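Structure at a glance
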Amino acid sequence: MSLPPQNPSAPKSHRSPFVRLADLLAGTEPGRPALSAAVGEPQHPMPDFVPGVLAGAVGGFGRYPRAEGLPAFRKAAADWLGRRYAVPRPVDAEREVLVLNGSREGLVSAAVTARRLVGERPGKPVMLLPNPFYAAYAAGTELAGCEVVVMPTTKASGWLPDLDALDPALLARTVAVFIASPANPQGAVASRAYLERLVALTRANGAYLFSDECYSEIYLGAEKPTGILEACGSDFTGVLAFNSLSKRSSLPGLRCGFVAGDAAFLKDYLTFRWVAAPQVPEPLQAVGIAAYEDEAHVEASRALYRAKFDLADRLLQGRFGHERPAGGFFLWLDVSALGGGETATLRLWREQGLRVVPGGYLARAGADGINPGDPYIRVALVQDLETCGEVLERLVAGLS
């Protein structure tokens, strides 16, 4: 994978984790044929219906798509939300759903809208991010002119931010809070009670809550993760849920998803998106409609992820702090005994040709100067079962 050059003088924490990984491994030859478990790109087969739906809608490439999305797409997303979650009332497809060019760009541009809508704060405005976090959260925060403040997520806190640790003075400066459940990278799933408390906390401080639910359909137990729209009552004010087809339907290249929630926010957000955001071509939305109307391919994909974690459980046997996560498709392994994430990553590449990501590249140092990701590596179990078996075998051999 070729990567664009980046400003070498930029702070390390502001650079893509994958560019930093390329720099780390540069000049070191892999000990075996290269095998990547670094990028969270689903590689399960795409649903069988995709080519036919795309071909049938190909004429739509001849039209500029509308920023809000096709009415049929927004209805399909709203209907799916109603089937998937115990939402207290139907989601209004016309006012409470917008199409997105994948959840990443939606999260970034939502931060800009939030900053414009939220009034003056007592001090420099901030946005709160779980730490580690998806890099788009920080990009949106900085684009909006806000300060990034990270909330540590550790084993002691259940891999979710400790809400009791949030300073009231900090909350008073907060424009938006980002949360992910299942979490990336640890796979933690927030309980309904946790989400209800988070909703109340953000509303009490006049902030927005952005819930990244990209991994919502990759859960490894019987219980489905709770969605934020289930936890905020019949009034969605201040609350936005982001989802996409990248993980749910193994369609990362489709670049199609949606945001749902606060109608007043979405009205202003759409005004911004008409002039500043990428639109989603109609044929891609047609695929999205078909995908949200079908669960069979999602169930098959979820079964494959569960089989891969069954294998991981057997091969790792609790080593490196491995515990089966509640959701997502990452291993989050403690390699502090081997010198930390960077050292272990180099070792795996040099000895096994296995590419993983140092956990510290997915996080930032907090106010205490500690980067909570430094002791860890992230391993993506995204390929077929046989390839993931080889990933795990090389992982065990390289770390033992």
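Residues numbered from 1 in each chain as written. Predicted model: local features only at pLDDT ≥ 70, side-chain atom pairs only at ≥ 80, totals over all residues. Heavy atoms only, no water.

1. Thoughts on the overall build of the protein chain
Let me state the cut-off plainly: For helices the rule is a DSSP run of H or I covering at least 4 residues; for strands it is a run of E covering at least 2, with both sets numbered from the N terminus onward. Note on method: radius of gyration uses C-alpha positions; expected globular size equals 2.2 Å times residues raised to 0.38. Categorising residues by exposure relies on relative accessible area from a 1.4 Å probe, with only protein chains included: less than 20% of the type maximum marks a residue as buried, more than 50% marks it as exposed, and the intermediate range marks it as partly exposed. We call two residues contacting when some pair of their heavy atoms lies within 4.5 Å. Only the protein chains shown count as cover for residues, and all accessible areas are computed by the Shrake-Rupley method using a 1.4 Å probe.
Within the protein chain one finds 13 helices and 12 strands. Whereas a compact globule of 400 residues would reach a radius of gyration of roughly 21 Å, the protein chain reaches 21 Å, a difference of no more than 12%. In terms of overall dimensions, the protein chain has C-alpha extents of about 55 × 55 × 40 Å along its principal axes. With 400 residues in all, the protein chain has 57% of them scored as buried. Of the contacts made within the protein chain by residues no fewer than 6 positions apart, 75% connect residues no fewer than 24 positions apart. Of the roughly 16,200 Å² of accessible surface on the protein chain, a fraction of 55% belongs to carbon and sulfur atoms.

2. Side note on the environment of Pro-325
Position of Pro-325 relative to the elements: it lies in the loop between helix 11 (296-316) and strand 9 (330-334). With a relative accessible area of 9%, Pro-325 lands in the buried category. Residues contacting Pro-325, with those up to four places away along its chain left out, are Gln-186, Gly-187, Leu-220, Phe-309 and Phe-330.

3. As for the packing of aromatic side chains
Rules: The criterion for an aromatic pair is that two Phe, Tyr or Trp rings (for Trp, the six-membered ring) have centres within 6.5 Å, with stacked assigned to planes under 30 degrees apart, edge-to-face to planes over 60 apart and tilted to the rest.
This structure, assessed with the given rule, holds 19 aromatic pairs. An angle of 20 degrees between the planes, with centres 4.8 Å apart, marks the rings of Tyr-137 and Phe-178 as stacked. One end of the pair, Tyr-137, is in helix 5 (residues 135-143); the other, Phe-178, is in strand 5 (residues 174-180), with 41 residues separating them in the sequence. Pair check on accessibility: Tyr-137 and Phe-178 agree, each one buried. Between Phe-265 and Tyr-269 the ring centres are 5.4 Å apart and the planes differ by 35 degrees, which places this aromatic pair in the tilted class. One end of the pair is Phe-265 and the other is Tyr-269, both in helix 9 (residues 263-276) and four residues apart, which spans about a single turn. Among the residues examined, Phe-265 registers a relative accessible area of 1% and is labelled buried. The class of Tyr-269 is buried, set by a relative accessible area of 0%. In this structure an aromatic cluster arises from ring pairing among Tyr-134, Tyr-137, Phe-178, Tyr-208, Phe-210, Phe-242, Phe-265 and Tyr-269.

4. Some thoughts on the sheet that holds strand 12 (residues 376-380)
Which entries qualify depends on this criterion: DSSP-based pairing: two strands are paired if at least 2 bridges between them are found. Fitted lines through C-alpha atoms give the axes, limited to the stretch in contact for helices. The angle between two N-to-C directions lies from 0 to 180 degrees.
The three strands are arranged 9-12-11 in an open sheet whose pairing can be described as antiparallel. Each having just a single partner strand, strand 9 and strand 11 (357-358) make up the two edges of the open sheet. In this structure, strand 9 lies alongside strand 12, joined through five bridges in antiparallel fashion. Across the sheet, Leu-331 pairs through a bridge with Val-379, a residue of strand 12. Across the sheet, helix 13 (residues 385-399) is in contact with strand 9 and strand 12; its angle to strand 12 comes to roughly 160 degrees.

5. Brief notes about the sheet that holds strand 8 (residues 257-261)
Ordered by their spatial adjacency, seven strands build an open sheet running 2-8-7-6-5-3-4, and the pairing between neighbours is mixed. Strands with a single pairing partner mark the edges of an open sheet, and in this sheet they are strand 2 (97-100) and strand 4 (147-152). On average, each strand axis in the sheet is tilted by 20 degrees relative to the strand beside it, whichever way the strands run. As judged from the five bridges shared by strand 5 and strand 6 (residues 208-212), these two strands associate in the parallel manner. Bridging across to strand 6, Phe-178 finds its partner in Phe-210. Here helix 4 (residues 102-117) sits on the sheet in contact with strand 2, strand 3 (126-131), strand 5, strand 6, strand 7 (239-244) and strand 8, set at roughly 175 degrees to strand 6.

6. Some thoughts on unusual backbone geometry
Between Asn-131 and Pro-132 the backbone carries a cis peptide bond, its omega angle lying at 10 degrees. Following the sequence through the fold, Pro-132 ends up in the loop between strand 3 and helix 5. For the bond from Asn-184 to Pro-185, the omega torsion is 20 degrees, close enough to zero to count as cis. Mapped onto the fold, Pro-185 is located in the loop between strand 5 and helix 7 (192-204). Within the chain, Ser-250 stands out as a residue other than glycine whose phi angle is a positive 55 degrees.

7. What to know about the packing of helix 11 against helix 13
For clarity, the cut-off: Between 65 and 115 degrees an angle is taken as roughly perpendicular, under 35 as roughly parallel, over 145 as roughly antiparallel, and anywhere else as oblique. Helix crossings get a hand from a simple test, with the near helix turned counterclockwise from the far one by less than a right angle marking a left-handed crossing and a clockwise turn marking a right-handed one. Under this grouping Gly is polar, as are all residues other than the nonpolar Ala, Val, Leu, Ile, Met, Phe, Trp, Tyr, Cys and Pro and the charged Asp, Glu, Lys and Arg.
The contact between helix 11 and helix 13 brings their axes to 10 Å, and the two run at 25 degrees. Between helix 11 and helix 13, the angle is such that the two are roughly parallel. The crossing of helix 11 and helix 13 is right-handed. Across from Leu-304, Ala-307, Lys-308, Leu-311, Ala-312, Leu-315 and Leu-316 in helix 11, the residues of helix 13 making contact are Leu-385, Cys-388, Gly-389, Leu-392, Glu-393, Leu-395 and Val-396. The residue makeup of the contact of helix 11 with helix 13, split by class, is 11 nonpolar, one polar and two charged.

8. As for the pattern of salt bridges
Our working definition: The salt bridge criterion pairs a side-chain nitrogen of Lys or Arg with a carboxyl oxygen of Asp or Glu, the two atoms within 4 Å.
Under the criterion given, the structure shown has 20 salt bridges. Note that Arg-84 is salt-bridged to Glu-217, the shortest N-O span being 2.8 Å. Note that Arg-84 is positioned in helix 3 (residues 71-84) and Glu-217 in the loop between strand 6 and strand 7, a separation of 133 residues in sequence. Assessed through its relative accessible area of 9%, Arg-84 is described here as buried. Here Arg-364 and Glu-142 are joined by a salt bridge, their closest N and O atoms 2.9 Å apart. With Arg-364 in the loop between strand 11 and strand 12 and Glu-142 in helix 5, this pair connects stretches of sequence that are 222 residues apart.

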